[in-house]
Amino acid sequence: MAEEHFDVLTKSGEKTGVSKPRSEIHRDGDYHRAVHVWIFVESTQELLLQLRSDDKDSWPGQWDISSAGHISAGDPSLISAQRELEEELGVKLPKDAFEKIFVFLQECVINDGKFINNEFNDVYLVTILEPIPLQAFTLQKEEVSAVKYIPYKDYRNLLAKEDPAYVPYDVNGEYGKLFDIIRQRCQVNTEARSLFLQKQLQRYSPVTLEAKLTELSEADQKALGLIVKAAKTIDDIFYEQVWHSNPALRDWLKEHASASELDKLKWEYFLINKSPWSSLDENEPFLTTADSAVKLVPEATKSIAGWKGLEYRSAFPLTKPPGANFYPPDMDKTEFTLWLSSLTEEQKHAATGFFSIIKRRSEANLDASLSDKIPDSDSDLYSIPYSEIYRPFLTKASELLHKAGDLVTSQSLKKLLHSKAEAFLSNDYYESDIAWMDLDSKLDITIGPYETYEDEIFGYKASFEAFIGIRDDKATADLKLFGDNLKLLEDNLPLDSIYKSKDVSAAPIRVIQLIYNSGDVKGPQTVAYNLPNDEKIVKERGTSMVMLKNVQEAKFEHILKPIAEIIISKEQRGFVDFDSFFTHTICHECCHGIGPHTITLPDGQTSTVRKELQEVHSAMEEAKADIVGLWALKFLITKVNDQTLPGLLSKSMVESMYVSFLAGCFRSIRFGLTEAHGKGQALQFNWLYEKGAFVFHKDSTFSVDFTKVEGAVESLSHEILTIQGRGDKNAATLLLNKYCTITGPLKTALEKLESVKVPVDISPTFPLADALMN
């Protein structure tokens, strides 16, 4: 049999592109990868150990990890972990049983220098409820002589004493994490945990959002109920997009929410975040796998009389996966880029497009439900469109939208609902996005895959979301000035002409009263959005904007006003007003539609800002829209007041807009520096503070220096727009790394807001939508 080959890695763990036989790897001391799989028994607090075969060339006849093995050249980590557990112990488990808890670098020399082990080990934890009967295991005799259970504390003590019967691990070093994680889960302080979750929930101010339906016909109201049902289906898709075991965790928490006060709090905070990771805490986990769903797999091992089978906890990682559930969890950028280079242009477009996910052929081979969806290819990676992977959900949503489309009286809404229903099943969203831009209806609907914030690897993949509202006709009419003058703003941007877009269309702006949202609306609530994100449509037709007025009013009253009372200097506090806050938000959304989108690279190739900036695009785009929006508002105020443009923008708004923006900085930064809006806001705040536009006082309040702020806003606008125009990811990364930090004055202000418990955001309920569902 041919000797197994491993990928050779650099000292920092990246693939070199070279593979070598196992014997040469350990002879030469090459860095390579392996997996460690630990089986932990929740009820007895024991770990399963295996006795290594006497024939092994390393640590023969010693007790070791439940299961371990090298990762063969080209193989994925998770598949290797599943395979090793099945081969060595006869335990076959699905991927959601494996929790990757850390990566451990083992560097040692044994066998008189003949065996050099420089190994990056992906350490997995499998949590089972009760011990697997020893007779249920099927041991691979060449590798494993026996298995046994041992209390995790006893095992740690034996390792600490360097007992020669056990393969050595430094429990006071990196490998001590295993025992720390287990200990934390075994020693839960229910009262402390409840208090912690109560504190987390208090950061969200509960608000009720609704609107009058008196102008909707009876048929429209009936259609509205169907659209809300479709939006609830969109929620199901988003839960799955976040992480593959997320729906099981949701169902488990909901089922057990009434079991105790702690379980109730877990469920309430999960509903806000739509995952076990806290949006306001840079995605720190507030749950662990110990809180997760229990699944029974009778066929996981040999059947034993009187034993119902293996029960495990559906796992999720402590660190939120940057690729969410859009990519294999162990895929890195290098692997994706190499695969991409082997594809045709059409295949590349699908792989990097908004509406597909990337899977592994080796994973699909273990999942019979995916086997008929795998295209022929030599690569382990392949793409699958949303219309296939989410087919059951999208079929249901499509049927509901078609029924609603048959009922509504507005022809433009009818066209939108039917075209969106068709797009769900065809995966072609072009016509439905055009129909959304042309929407002219009292009932305002946005539904489908749009924003790419969840994809933190590349920013390619769109998450599903839905917003349902009633149009505010008066407020919509008042905003015509902004949408009609995008071309004027583009032509006057603080940006070299070479980077300016030539074809900028007027952008319709719709103001609505939100009555329901779903999907990608976790954590901080959206106040407005500018869509679509498809660069082809943006180039041809521009974008449209929707302002959620009742959401903005709630945020202003519950958050921005209290922030201003504490953080803004007494002399400038009166400048903070809703009109300035609302009007800057309008300009923010307008400015998503101007500036560089489709760009020409130095080599003459055409690309997009999104594809070039990849994972830093979202933060840069939010910062651009914010700071250029501030520049644009000042520009429009000047034009209105010198009577170049008609409108109602008063010159007195200039000071109000700058001070309201300053107060708004603290609102957004509190979302956390892993969130695109918070990251973009930190960049702006620190730039303006560095330029002297924002002033920090001895009483820990801030003010605006009106003599410096205009120049500082223009200089940052120029910097960001130029980086986007060049598609310069390196410059974008350097800019974010320098300015996306919590500086001293900023930290003081945030601590002050925390001490007086000013809410960070709102948590809406939608009684009207709930009533329509009944």
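Residues numbered from 1 in each chain as written. Predicted model: local features only at pLDDT ≥ 70, side-chain atom pairs only at ≥ 80, totals over all residues. Heavy atoms only, no water.

A. Seen up close, the overall build of the chain. From N to C terminus, the chain includes 29 helices and 26 strands. The globule rule puts the C-alpha radius of gyration for 774 residues at 28 Å, and the 28 Å found for the chain is close to it. Referenced to the eigenvectors of the C-alpha coordinate spread, the extents of the chain come out at roughly 90 × 60 × 60 Å. The 774 residues of the chain split such that 61% are buried. In the form shown here, the chain has an accessible surface area of approximately 31300 Å², with 50% of it arising from carbon and sulfur atoms. (Helix = DSSP H or I, 4+ residues; strand = E, 2+ residues; numbered from the N terminus. Rg over C-alpha atoms; globule rule 2.2 N^0.38 Å. Buried < 20%, exposed > 50% of the residue type's maximum accessible area, 1.4 Å probe, protein only. Areas by Shrake-Rupley, 256 points an atom, 1.4 Å probe, with all protein chains shown as cover.)

B. Just the pattern of salt bridges, in detail. Within the structure shown, the criterion is met by 45 salt bridges. Lys-15 is the salt-bridge partner of Asp-7, the closest N and O atoms lying 3.9 Å from each other. Classification of Asp-7 as buried rests on a relative accessible area of 18%. A relative accessible area of 36% places Lys-15 in the partly exposed class. Three or more residues are tied together by salt bridges with common partners; here these are Glu-215, Asp-440, Lys-442, Arg-471 and Asp-473. (Salt bridge = Lys/Arg side-chain N within 4 Å of Asp/Glu carboxyl O.)

C. Focus on the packing of aromatic side chains. One pass over the full model with this rule turns up 44 aromatic pairs. Between Phe-98 and Tyr-124 the ring centres are 6.2 Å apart and the planes differ by 85°, which places this aromatic pair in the edge-to-face class. Of this pair, Phe-98 sits in the loop between α2 (77–89) and β7 (99–110) while Tyr-124 sits in strand β8 (residues 115–128), and the two are 26 residues apart along the sequence. Neither Phe-98 nor Tyr-124 differs from the other in exposure class; each is buried. When the ring of Tyr-386 is compared with that of Phe-464, the centres are 5.5 Å apart and the planes differ by 40°; the resulting orientation is tilted. You can see Tyr-386 sitting in helix α12 (residues 386–389) and its partner Phe-464 sitting in strand β18 (residues 464–471), a full 78 residues away along the chain. Overall, Tyr-386 belongs to the buried group, its relative accessible area being 0%. On the basis of relative accessibility, which here comes to 0%, the residue Phe-464 falls in the buried class. (Phe/Tyr/Trp six-rings, centres within 6.5 Å; stacked < 30°, edge-to-face > 60°.)

D. Structural context of the packing of helix α23 (residues 617–641) against helix α25 (residues 676–690). Their axes nearest at 8 Å, the elements α23 and α25 cross at an angle of 55°. Judged by the inter-axis angle, α23 sits oblique to α25. Pair α23 / α25 crosses with right-handed handedness. Contacts between α23 and α25 involve Ser-618, Ala-619, Glu-622, Ala-623, Asp-626 and Ile-627 on the former and, on the latter, Ala-676, His-677, Lys-679, Gly-680, Gln-681, Leu-683, Gln-684 and Leu-688. Here the contact of α23 with α25 is composed, by residue class, of six nonpolar, five polar and three charged. (Axes fitted to C-alpha atoms, helices over the stretch in contact; angles between N-to-C directions. Parallel < 35°, antiparallel > 145°, perpendicular 65-115°, else oblique. Left-handed = near helix turned anticlockwise from the far one by under 90°. Contact = heavy atoms within 4.5 Å. Nonpolar A, V, L, I, M, F, W, Y, C, P; charged D, E, K, R; others polar.)

E. Region of interest: the sheet that holds strand β20 (residues 528–531). Within the open sheet, the five strands sit side by side as β17-β18-β19-β21-β20. Their pairing is mixed. With partners counted over all chains shown, the strands left at the sheet margins are β17 (443–449) and β20, one partner each. Going across the sheet, the axis of each strand differs from the next one's by a mean of 35°, ignoring polarity. This element, helix α21 (residues 578–592), spans β19 (509–519), β20 and β21 (544–548) of the sheet and lies at about 155° to β21. (Pairing = 2+ DSSP bridges.)

F. Main features of the side chain of Glu-335. Here Glu-335 is to be found in helix α9 (residues 333–341). Engagement of the side chain of Glu-335 in a polar contact is seen with the side chain of Arg-360, the distance being 2.7 Å. Contacts of Glu-335, omitting those with residues within four sequence positions, involve Asp-330, Arg-360 and Leu-381. (Polar contact = N/O pair within 3.5 Å; in protein donor to acceptor, adjacent residues only side chain to side chain.)

G. Region of the structure containing a negative patch on the surface. A cluster of like negative charges, contributed by Glu-3, Glu-4, Glu-86 and Glu-87, occupies part of the molecular surface. Within the secondary structure layout, Glu-4 lies in the segment before β1 (5–9). (Patch = residues over 30% accessible without salt bridge, like charges linked within 9 Å, V, L, I, M, F, W, Y side chains within 5 Å. Lys, Arg positive; Asp, Glu negative; His and termini not counted. Charge placed at Lys NZ, Arg CZ, Asp CG, Glu CD.)

H. Spotlight on helix α24 (residues 653–669). When the terminal C-alpha atoms of α24 are compared, their 24 Å separation across 17 residues agrees well with the 24 Å that a helix rising 1.5 Å per residue should span. Here α24 lies mainly inside the structure; 16 of its 17 residues are buried. (Expected span 1.5 Å × (residues − 1).)

I. Fine view of the packing of α21 against α24. Remark: α21 packs on α24, axes separated minimally by 8 Å, with the N-to-C direction vectors making an angle of 75°. Looking at the two axes, α21 sits roughly perpendicular to α24. Between α21, through Asp-579, Ser-580, Phe-581, Thr-583 and His-584, and α24, the contact on the second element is made entirely by Met-653, Ser-656, Met-657, Ser-660, Phe-661 and Arg-667. Across the contact of α21 with α24, the residue classes tally to four nonpolar, five polar and two charged.

J. Structural detail: the nonpolar core. Ile-468, Phe-482 and Phe-666 are the most contacted members of the largest nonpolar core, which has 171 residues in total. It is α23 that provides the largest number of residues to this core, a total of 13 residues. Not counting residues up to four positions away in its chain, the partners in contact with Phe-666 are Ile-563, Ile-567, Phe-685, Phe-702, Leu-746, Ala-749, Leu-750 and Leu-753. Residues Trp-38, Ala-68, Ile-110 and Tyr-155 belong to the second largest nonpolar core, which totals 29 residues. (Core = buried A, V, L, I, M, F, W, Y, C linked by side-chain atoms within 4.5 Å.)

K. The arrangement of the environment of Phe-316 in detail. Along the chain, Phe-316 falls in the loop between β14 (310–313) and α9. Apart from the residues within four sequence positions on either side, Phe-316 is in contact with Glu-99, Trp-243, Ser-245, Leu-249, Pro-276, Trp-277, Leu-287, Thr-288, Thr-289 and Ser-292.

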